[in-house]
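Notes for the structure review
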Amino acid sequence: MSVDEKRKLVHELSKDSDLAFEALQVWTHEEIRQVLCAELGKERKYKNLTKAQIINSLLKTVSEKKAPTPIKVNSGDQEDRKRDSSTTATTTNKRNSKRQRKNATPTRYVRPTTESVKAKGSIYCKNLACQATLRQEDLFCQRCSCCICLKYDSNKDPTLWLTCRSDDPLLPGESCGLSCHLDCALKNEKSGLKEDKRSHDIDGCFYCVSCGKTNSLLECWKKQLLIAKETRSVDVLCYRLVLAQKLLKGTEKYRKLSDTVEEAVKSLETELCGPLTDLPSAMCRGNVNRLGSASKVKDLCSSALKSLQDKPLDETKVLTKTIQEEEEEAAFVVSSLTTKEEEETVSEKAVNGKSSSSCGFGLEDCVKTIRQLESSGYVEKSFRQEFLTWYSLKASAQEINVVKTFIDAFKDDSVALAEQLIDTFSDCISRKR
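Conventions and cut-offs
- Residues numbered from 1 in each chain as written.
- Predicted model: local features only at pLDDT ≥ 70, side-chain atom pairs only at ≥ 80, totals over all residues.
- Heavy atoms only, no water.
- Phe/Tyr/Trp six-rings, centres within 6.5 Å; stacked < 30°, edge-to-face > 60°.
- Helix = DSSP H or I, 4+ residues; strand = E, 2+ residues; numbered from the N terminus.
- Buried < 20%, exposed > 50% of the residue type's maximum accessible area, 1.4 Å probe, protein only.
- Lys NZ or Arg CZ within 6 Å of the ring centre and 35° of its normal.
- Core = buried A, V, L, I, M, F, W, Y, C linked by side-chain atoms within 4.5 Å.
- Contact = heavy atoms within 4.5 Å.
- Salt bridge = Lys/Arg side-chain N within 4 Å of Asp/Glu carboxyl O.
- Patch = residues over 30% accessible without salt bridge, like charges linked within 9 Å, V, L, I, M, F, W, Y side chains within 5 Å.
- Areas by Shrake-Rupley, 256 points an atom, 1.4 Å probe, with all protein chains shown as cover.
- Lys, Arg positive; Asp, Glu negative; His and termini not counted.
- Charge placed at Lys NZ, Arg CZ, Asp CG, Glu CD.
- Expected span 1.5 Å × (residues − 1).

On to the packing of aromatic side chains. Applying the stated criterion across every chain, the model contains 8 aromatic pairs. Both rings, one in Phe 387 and one in Trp 390, keep their centres 5.5 Å apart while their planes meet at 55 degrees; by these two values the pair is tilted. Taken as a pair, Phe 387 and Trp 390 lie in helix H17 (residues 381-393) at a separation of 3 residues, close to a single helical turn. On the numbers, 6.2 Å between centres and 50 degrees between planes, the contact of Phe 406 with Phe 410 is tilted. Overall, the relative accessible area of 0% leaves Phe 406 in the buried class. For Phe 410, a relative accessible area of 8% puts it in the buried group. Among the aromatic residues, ring-to-ring pairing joins Phe 383, Phe 387, Trp 390, Tyr 391, Phe 406, Phe 410 and Phe 425 into one connected group. A cation sits over an aromatic face here: Lys 156 above Trp 161, 4.1 Å from the ring centre.

By size, the foremost hydrophobic cluster in this structure holds 48 residues, and its most contacted members are Leu 162, Trp 221, Leu 225, Leu 237, Leu 241, Leu 268 and Leu 272. Put simply, the parts of the chain that give this core at least two residues each are strand S3 (161-163), helix H7 (182-187), helix H8 (218-230), helix H9 (234-247), helix H10 (255-272) and helix H12 (294-310). A per-element tally of this core places H9 first, with 8 residues. With residues up to four places along the chain from it excluded, the contact list for Leu 237 reads Ala 228, Thr 231, Leu 268, Val 288, Leu 291 and Val 297.

Summarising the element assignment, Asn 215 is placed in strand S6 (residues 214-216). Residues contacting Asn 215, with those up to four places away along its chain left out, are Thr 163, Cys 164, Arg 165, Leu 171, Cys 205, Phe 206 and Cys 208.

So, on to the pattern of salt bridges. Evaluated as defined, the whole model comprises 14 salt bridges. Arg 135 is the salt-bridge partner of Glu 137, the closest N and O atoms lying 3.7 Å from each other. For Glu 137, a relative accessible area of 54% corresponds to the exposed category. One salt bridge in this structure joins Lys 222 and Glu 219, with 3.5 Å as the shortest N-O distance. One end of the pair is Lys 222 and the other is Glu 219, both in helix H8 and 3 residues apart, which spans about a single turn. Given a relative accessible area of 26%, Glu 219 falls into the partly exposed group.

Attention now goes to a negative patch on the surface. On the surface, Asp 4, Glu 5, Asp 412, Asp 413, Glu 419 and Asp 423 cluster together into a negatively charged patch. If you list the elements that add at least two residues to the negative patch, you get helix H1 (3-13) and helix H19 (414-430). Turning to its location among the elements, Asp 413 is positioned in the loop between helix H18 (397-409) and H19.

Let's shift gears to H9. Under the 1.5 Å per step criterion, the end-to-end length of H9 is 20 Å for 14 residues, consistent within 8% with the ideal 20 Å. Extensive coverage of H9 is indicated by the burial of 10 of its 14 residues. What H9 keeps buried is the set Val 234, Leu 237, Cys 238, Arg 240, Leu 241, Val 242, Leu 243, Ala 244, Gln 245 and Leu 247.

Okay, unusual backbone geometry next. The backbone of Gln 131 sits at a positive phi, close to 55 degrees, despite the residue not being glycine. Relative to the helices and strands, Gln 131 resides in the loop between strand S1 (123-124) and strand S2 (133-134). With a relative accessible area of 17%, Gln 131 lands in the buried category. Phi at Cys 273 takes a positive value of approximately 60 degrees, unusual for a residue other than glycine. Positionally, Cys 273 belongs in the loop between H10 and helix H11 (281-284). Looking at Cys 273, the relative accessible area reads 70%, which means it is exposed.

What follows is the structure in structure tokens.
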């Protein structure tokens, strides 16, 4: 998005400052700085401000611009007031110059949420995008941190994390719900993925390091190939292929998938004259389309993904839906959304002046978008189910507007859209009303 497009998005989000703050957390410091400078009309570095501080400054600036302009008084009256106060102002300024400079500093924008007034003695997660309440005995934040290294990522990439889940009917059992870095799991013996001590009892799966539950690796493997297939960066292509290679290394059940990835890796290694994990930095910064093997490698990624999709359910341990099931599911969700809209027709017309048919079109469009994100591997099946249930039954009018704003703003960037929806609405989905 251009800076102007980002400004429009910020102005739209600022209608709800709480949601705006959460949404802007996934932007980089530089992106927020550019928008703030554009709002102020002058260039500044803001090197000493944290991301939270610069977001506060941006939201304050936008809110001040939206404030009603003071009514101008007659110029003659202004001159009279200036003359009457000139003498007093001069002497007062000399006495209280330090105090006035302090007062002239803009007040920091405070989000109007309960988080701004925190209980004395409470402990909160240091991750500004999380800030969950912690217990005294907690060694790390179980909501956003890795259960192996105990660290969190400021800009979390969900495709580089593994989560202990309980929503796979073919791998039943109680899950702890904790997450870990994929890289940490590959180095930890308890996960069963460590290269020199790999477990052959969990082909295509991993053990949760925290609770020991068996979880599938195939969704994570699929995400690596989807990114490798779409990226234009050589270093990203190499990194994702190496991860896909490691995830199914030594597999018997998915040997065809593994062999296809191995062929893609060897094609790149032949052209780049060395292992993909040890390439010169200048070569890593190259464009994929300039590689002679680019077309072959991407075709192999597509072939591997298709092979996974075509495998029987009992082999892949992955629930795949038929087209008919997808259509029935979409019809059910749209029906639920339409029913909700019909119940609120009178109030909707009175407040917004919108008909239920126009709202229905937007809701159906949202359902299709979320399904497309899932089919492309950008969101998990569980998130799609929980999100659409929340959206149809619990979401407020303001939250629905924010979702529609995101879909419109990121219609050409599915990865960014998925990240925005996950990071902004995960808490909304899990809350109880």
